Amino acid sequence: MITRKRLAAGVCALLAALTAGIAFPVAAVAGEPTGGGAPQVDLVLDVSGSMRTADIDGGTRMAAAKRAFNEVLDATPEEVQLGIRTLGANYPGDDRKTGCKDTAQLYPVSTLDRTEAKTAVATLSPTGWTPIGPALLKAAGDFAAGDGSKRIVLITDGEDTCAPLDPCEVAREISAKGVGLTIDTLGLVPNTKMSKQLSCIAEATGGTYTSVEHTDELTEKVNQLVVRAADPVVTPVATEGADACATAPTLKSGLYTDREEFGRQRWYRVDVEPGQELRTSVSVAADRAVNPSYGVLLRAVTVHGREIVRGEAGGNGRTDVISTGLRYPKADSDAEDAPAETVCLQVTNSFSAGAGVKTTPGLPLELTVDVVDGPSKASDVASFGLGRGWWLLGTLILAGFVAGLLWGWLSRWRVAVWRTN
């Protein structure tokens, strides 16, 4: 599932709550909250030496983090299982190889014992390196199996110091595994380089990045993310598009996820009954480095290849997710046994991989399909894209004409009066 940054305008259709199905009857349901799995959150805290810096509300960054954690632990919902992982907390030496392994589970992801967790946080003291990449790898394994939401919240005051293990690539690998794990990042008193890295980590898994310069901001944001983890989870159903419409899976209303190769196309089929309307949208995410200038095209065509309607969008490298959508109302029929129309959906992208970037697996793709009852009245159907707007347009034209006549008459009257005087 693209989880997606942020994202970007145009992804609102991914929030629809829909019923799912694929070419064969399936038990999985998309767009509805998943079952009884408890939401899980792992707070990953940077305890490196730079956290001693005293530039947040007159105190050190570490002191601000501890105060924020205490308030967050008090406010954590009962149903949320919460854990705490540290990075750079235990090794004070100069050996880089050892320092880049310095990450540990301070408190396991489990039902929260607030007193125990607060005691563990109180013992922390800024110490070593900043192994963000290794910490994220370990954190991805901290969660118990289950269908509840899984969220990592990374709090750090600096960029990773353990290259070549790029934390952004680590986040992309986690996303590519399809484990439904979201990573949110918070940067304490950030600089440009750190902000870029933390934004990349968050965007790779559909999380958020926030810069923080005050304790209250840190507390509020972490609280918000922990509470958000308790929200119902919408899980897309995995499907596999085909190279041609004839062999494509038939989808029902629902939210689907797939993978699409660079510059290739995927086909899907949807049956639309007379009097129904097809509403669909697609989002394709660049979960690795891509060249700027790219686009995505969504087409609805008949089984004979005639285009019905299309939606398209382009990007220039400023966002990692690009989305578009379309609507197709199927005219009603007087015949009670009128057959459904099979609509072929074609998704094409024009992404190209950067130098040295792997092209497999394909790019993450999310497809929303919604087949609803169409407009019941002819006046509800758009006419040349305006629908009922024609009435408003006509009224505005008439009002403008009358106003022009009145203004002309008043102007001539004032000129006549002026000349007489």
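Residues numbered from 1 in each chain as written. Predicted model: local features only at pLDDT ≥ 70, side-chain atom pairs only at ≥ 80, totals over all residues. Heavy atoms only, no water.

## Overview of the overall build of the chain
Here is step 1: When you go through the chain residue by residue, the secondary structure sums to eight helices and 15 strands.
Here is step 2: Buried residues in the chain amount to 47% of all 421 residues.
Here is step 3: Approximately 20,900 Å² of the chain is accessible, and the part contributed by carbon and sulfur atoms is 55%. (Helix = DSSP H or I, 4+ residues; strand = E, 2+ residues; numbered from the N terminus. Buried < 20%, exposed > 50% of the residue type's maximum accessible area, 1.4 Å probe, protein only. Areas by Shrake-Rupley, 256 points an atom, 1.4 Å probe, with all protein chains shown as cover.)

## Things to note about the pattern of salt bridges
Here is step 1: The tally for this structure, following the rule as stated, stands at 15 salt bridges.
Here is step 2: Two residues, D258 and R266, come together in a salt bridge whose shortest N-O distance is 3.3 Å.
Here is step 3: With a shortest N-O distance of 2.8 Å, R299 and E307 are connected by a salt bridge.
Here is step 4: The exposure class of R299 is buried, given its relative accessible area of 16%.
Here is step 5: The structure contains a network of salt bridges with shared partners spanning R299, E307, R310 and E312. (Salt bridge = Lys/Arg side-chain N within 4 Å of Asp/Glu carboxyl O.)

## Details of the sheet that holds strand 14 (residues 341-349)
Here is step 1: With antiparallel pairing, four strands are arranged side by side in an open sheet as 9-14-11-12. The sheet is open, and its two borders are formed by strand 9 (265-272) and strand 12 (307-315), each paired with just one other strand. Taking the axes of each pair of neighbouring strands and ignoring which way they run, one obtains an average angle of 15° across the sheet. (Pairing = 2+ DSSP bridges. Axes fitted to C-alpha atoms, helices over the stretch in contact; angles between N-to-C directions.)

## Structural notes on the state of the cysteines
Here is step 1: Overall, the coordinates contain three disulfides when judged by the stated rule.
Here is step 2: Paired by a disulfide, C168 and C200 hold their sulfur atoms 1.6 Å apart. Taking the sign of the torsion about the S-S bond as the criterion, the disulfide between C168 and C200, at about -45°, is left-handed. One end of the pair, C168, is in helix 5 (residues 167-176); the other, C200, is in helix 6 (residues 192-204), and 32 residues separate them in sequence. (Disulfide = S-S within 2.5 Å.)

## Observations regarding the sheet that holds strand 8 (residues 254-260)
The pairing of strands in a sheet comes from backbone hydrogen bonds and takes either a parallel or an antiparallel form.
Here is step 1: The five strands are arranged 7-8-15-10-13 in an open sheet whose pairing can be described as mixed. Across the chains shown, the open sheet's two edge strands, defined by having one partner strand only, are strand 7 (237-238) and strand 13 (321-329).
Here is step 2: Sheet analysis places strand 10 (residues 276-285) next to strand 15 (residues 363-373), joined by nine bridges and oriented antiparallel. Within strand 15, the position partnered with S283 by the bridge is E366.

## Things to note about the nonpolar core
Here is step 1: Grouped together as the largest cluster of nonpolar side chains are 32 residues, with contacts concentrated most on L43, L45, I155, L186, L218 and V226.
Here is step 2: Elements with a contribution of two residues or more to this core: strand 1 (40-46), helix 1 (61-75), strand 2 (81-87), helix 3 (114-122), strand 4 (150-156), strand 5 (181-188) and helix 7 (215-228).
Here is step 3: With seven residues, helix 1 is the largest single contributor of residues to this core.
Here is step 4: Counting residues in hydrophobic clusters, the runner-up holds 27 residues, among them V270, Y294, V296 and I322. (Core = buried A, V, L, I, M, F, W, Y, C linked by side-chain atoms within 4.5 Å.)

## Describing helix 1
Here is step 1: Between its first and last C-alpha, helix 1 extends 21 Å over 15 residues, near the 21 Å set by a 1.5 Å rise per residue.
Here is step 2: Listing the buried residues of helix 1 in full gives R61, M62, A64, A65, A68, F69, V72 and L73. Along the long axis of helix 1, the arc covered by the buried residues comes to 160°, so they all point the same way.
Here is step 3: Residues of helix 1 that are buried make contact with strand 1, strand 2, helix 3, strand 4, strand 5 and helix 7. (Expected span 1.5 Å × (residues − 1). Arc of directions from axis to C-beta. Contact = heavy atoms within 4.5 Å.)

## Some points on a negative patch on the surface
Here is step 1: Residues D57, E71, E213, D216, E217 and E220 make up a contiguous surface patch of negative charge.
Here is step 2: With three residues, helix 7 is the largest single contributor of residues to the negative patch. (Patch = residues over 30% accessible without salt bridge, like charges linked within 9 Å, V, L, I, M, F, W, Y side chains within 5 Å. Lys, Arg positive; Asp, Glu negative; His and termini not counted. Charge placed at Lys NZ, Arg CZ, Asp CG, Glu CD.)

## What to know about helix 5
Here is step 1: Burial of helix 5 is extensive: seven of the 10 residues sit out of reach of the surface.
Here is step 2: Those residues of helix 5 that fall on the buried side of the exposure criterion are P167, C168, V170, A171, R172, I174 and S175.
Here is step 3: The secondary structure elements touched by the buried residues of helix 5 are helix 4 (132-139), strand 5, helix 6 and strand 8.
Here is step 4: A side-chain oxygen of the first residue of helix 5 lies 2.9 Å from the backbone nitrogen of C168; this N-cap is D166. (Polar contact = N/O pair within 3.5 Å; in protein donor to acceptor, adjacent residues only side chain to side chain.)

## Considering the confidence of the model for the chain
Here is step 1: When pLDDT is averaged along the chain, the result is 83; 85% of the residues meet or exceed 70.
Here is step 2: Long-range and interchain partners of residues 1-31, a stretch whose pLDDT sits below 50, account for 87 contacts in this model, where long-range means more than four residues apart. (pLDDT = per-residue confidence, 0-100.)

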